[in-house]
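Each chain, letter by letter, is given below.
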Amino acid sequence: MSQINQSSIWQSLSQHKKDIESISLREMFHKDKDRFNQFHIQLNDLLLDYSKHHISKETIKLLVNLAKEADVEGWRDRMFKGEIINSTEHRSVLHTALRNQNNKSIMSDGEDVMPKVRNVLKKMRRFTDEIRSGQWKGYTGKAITNVINIGIGGSDLGPAMVCQALKPYGLKTITPFFVSNIDGADLSQVLEKCDPETTLFIVASKTFTTQETMTNAFSARNWFLKKVGDNSQIKKHFVALSTNQYAVAEFGIDTENMFEFWDWVGGRYSLWSAIGLSIALYIGIDHFEELLKGGFEMDEHFKTAPIEENIPMIMGLLGIWCINFFDLPTHAILAYDQDLSKLAPYLQQADMESNGKFINRNGEHVNFHTGPVLWGEVGTNGQHAFYQLLHQGTEIVPADFIMPIQSHYAMGKDGNEHHKILLSNFIAQTQSLMIGKTYDEARAEIEKQGYEGEDIESFIPQKTFEGNRPTSSILFQKLTPKTLGQIIAMYEHKIFTQGIIWNINSFDQWGVEYGKQIAKQVLPKLSEKTPTTDFDGSTNSLINYIKKYQ
Ligand code: G6Q
């Protein structure tokens, strides 16, 4: 079967790229004062400005046709209807059902999933209310003050990111901790800060078999029992989030204390499910439901807005324009909000685990780039680190600049000094990446600084900036649970749009499974007395070297 880059619309886009690439973004803005109005979309208080991309009206028209060619809208509808679009795992993809706010049924495998979703939410409400009010007591009668989520990947990154992002909504008497790494340092450093009397462990694992999570959970249980010495107290301090009831019971957690989710919720899409329990405990279930509402609003927009006005679809298409036509395979997430410091690592998983694939749905090797190498850091910190490369490096890195107009934190003069400086840096960076600095401008600037003669000539090239770096700006009023819900769902659907166009299954993760499998082959070799000869020369030598010195 032919691939999308064989289609005539792809060929038209390739040709169009040749026509447009020599016109700089600076020129585009110079020629068209109305550019911002043409290339922005607003949804409630969320604004996407994509005018600083190398595009014209024609580009958008062609990209929209590309989305139509790939039937993005058809696939989107199939996803929302619960059809089995995760073909390799034979599953529906229904994280959208977890945030569904209407009364309509959503079917998976002949069953309406909504009653189950609502029941778990109710159970989460009861439990979080009890913990937060202090009604739920630990084994010595004290209230819970520390919540340790033990999970990894999708069972860690989402809740950790959201708890960090929504700190201003967090209950002061509860401290959330996240333990993910098998490196003993992670669990040990968290346990040092906790007292078993007031600590609740959440063992978060879809499969309840993940090596890191289960090892950490057993060690946490041992730590608890060593201090408490009574198995019957486990039920007051351990709960599980999982799809695997049997393994939860085997571990020794009362299934009454288990919050269920289902195989149609992918790990990296699971923060909306019971996996969000740590979020609900920290910010309260009402705020958690606001987060769900924000996600739902973005779902409705994604479902109903025409492609040219559809934020996630346009973001997905712009990504394809950069990756496949301008050959720019990386993407930076630059949030100007300290509380969004975990957004880049979160999106790294969401995007790279979903679309980092070279095999398409038909089992063929794709012959174009797919998911971008995604990375990022909060502003302004990144400006004093890697932005040099963004401005003058040989790699062009398309970036999303993300910024709240208002801050939760009053700091400095008038309570707004810090935030105004932050805002001005955000604006200045997107502007200068686009506009650059010409030879003449650099000269004028250097002359003004008092340099003379040869100094000026040698300095000018160093102070010149090509500009022409594509960025999107994403602005919103304030980082609230609802807005955060919208932003997360926006990225989920952007990833979906790209996966459909590339014809890859964004919902499996064989690379992760592979990692889980190979680590298990090596582990026993580290304890064997005789030298290992089972692997390749480098691997054997590394294992034997470790054995010699451990
Ligand atoms: C996510 C991936 C992966 C997964 C972790 C943890 O989509 O599948 O990151 O979330 O490997 O898996 P468990 O939740 O099963 O422990």
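Since the model is a prediction, treat every value here as computed from it, not as a measurement.

### Examining the overall build of the protein
Part 1 of the reasoning: A count of helices and strands for the protein gives 22 helices and 13 strands.
Part 2 of the reasoning: Relative to a compact globule of 550 residues, whose C-alpha radius of gyration would be 24 Å, the protein shows 26 Å and is just as compact.
Part 3 of the reasoning: By residue count, 51% of the 550 residues in the protein fall in the buried class.
Part 4 of the reasoning: A separation of at least 24 residues holds for 75% of the contacts in the protein among residues at least 6 apart in sequence.
Part 5 of the reasoning: Summed over its atoms, the accessible surface of the protein is roughly 24,500 Å², and 51% of this surface lies on carbon and sulfur atoms.
Part 6 of the reasoning: Treating the 56 positive side-chain charges of the protein as one cloud and the 66 negative ones as another, the clouds have centres 5 Å apart.

### Some words on the packing of aromatic side chains
Part 1 of the reasoning: Counted according to the given criterion, the structure contains 27 aromatic pairs.
Part 2 of the reasoning: Taking the centre distance of 5.9 Å and the plane angle of 65° together, the rings of Y336 and F426 count as edge-to-face. Of this pair, Y336 sits in the loop between β10 (330-335) and α15 (343-355) while F426 sits in helix α17 (residues 417-435), and the two are 90 residues apart along the sequence. As far as burial versus exposure is concerned, Y336 and F426 are alike and both buried.

### Some words on empty space enclosed by the protein
Part 1 of the reasoning: Summed over the entire model, instances satisfying the criterion amount to three cavities of 30 Å³ or more.
Part 2 of the reasoning: Reported here for the largest cavity is a volume of approximately 110 Å³.
Part 3 of the reasoning: Lining the largest cavity are H53, M315, L318, G319, C322, H331, P398, A399, D400, S472, Y491 and K494.
Part 4 of the reasoning: Every element with two or more residues in the lining of the largest cavity is listed here: α14 (311-325), β12 (399-404) and α20 (481-502).
Part 5 of the reasoning: Broken down by element, the lining of the largest cavity gets its largest block of residues, four residues, from α14.
Part 6 of the reasoning: For the lining of the largest cavity, the per-class residue count stands at six nonpolar, four polar and two charged.
Part 7 of the reasoning: The computed volume of the second largest cavity comes to approximately 60 Å³.
Part 8 of the reasoning: Sort the elements by how many residues they give to the lining of the second largest cavity and helix α6 (residues 114-133) lands first, with four residues.

### Description of the pattern of salt bridges
Part 1 of the reasoning: Evaluation of the coordinates by the stated rule reveals 26 salt bridges.
Part 2 of the reasoning: Of the charged contacts, one joins E492 and R99 as a salt bridge, the two residues approaching to 2.8 Å between their closest N and O atoms. Taken together, the residues E492 in helix α20 and R99 in the loop between α5 (72-81) and β3 (107-108) connect sequence positions 393 residues apart.
Part 3 of the reasoning: R99 gets classed as buried once you look at its relative accessible area, which sits at 0%.
Part 4 of the reasoning: Note that E197 is salt-bridged to K142, the shortest N-O span being 3.3 Å.

### Regarding the side chain of K17
Part 1 of the reasoning: With respect to the helices, strands and loops of the structure, K17 is situated in helix α1 (residues 8-20).
Part 2 of the reasoning: Once residues within four sequence positions are removed from consideration, K17 is found in contact with W321, F325 and F326.

### A closer look at the site of the ligand
Part 1 of the reasoning: Every one of the 15 residues lining the ligand counts as a neighbour, but S155, S205, T207, T210 and Q349 are closest to it.
Part 2 of the reasoning: Side-chain polar atom of S205 to an oxygen atom of the ligand: 2.6 Å apart, as the coordinates give it.
Part 3 of the reasoning: In the environment of the ligand, an oxygen atom lies 2.7 Å from a nitrogen or oxygen atom belonging to the backbone of K206.
Part 4 of the reasoning: Placement of the ligand is best described as lying within the largest pocket.
Part 5 of the reasoning: Residue classes in the shell around the ligand are distributed as two nonpolar, nine polar and four charged.

So, how was this worked out
Residues numbered from 1 in each chain as written. Predicted model: local features only at pLDDT ≥ 70, side-chain atom pairs only at ≥ 80, totals over all residues. Heavy atoms only, no water. Helix = DSSP H or I, 4+ residues; strand = E, 2+ residues; numbered from the N terminus. Rg over C-alpha atoms; globule rule 2.2 N^0.38 Å. Buried < 20%, exposed > 50% of the residue type's maximum accessible area, 1.4 Å probe, protein only. Contact = heavy atoms within 4.5 Å. Areas by Shrake-Rupley, 256 points an atom, 1.4 Å probe, with all protein chains shown as cover. Lys, Arg positive; Asp, Glu negative; His and termini not counted. Charge placed at Lys NZ, Arg CZ, Asp CG, Glu CD. Phe/Tyr/Trp six-rings, centres within 6.5 Å; stacked < 30°, edge-to-face > 60°. 1 Å grid on protein atoms, 1.4 Å probe; cavity = no way out; pocket = protein on both sides within 12 Å on 5 of 7 lines; lining within 4 Å. Points joined across faces, edges and corners; volume = space filled by probe spheres on them. Nonpolar A, V, L, I, M, F, W, Y, C, P; charged D, E, K, R; others polar. Salt bridge = Lys/Arg side-chain N within 4 Å of Asp/Glu carboxyl O. Near = heavy atom within 4 Å. Polar contact = N/O pair within 3.5 Å; in protein donor to acceptor, adjacent residues only side chain to side chain. Sits in = over half its atoms within 2 Å of the grid points.

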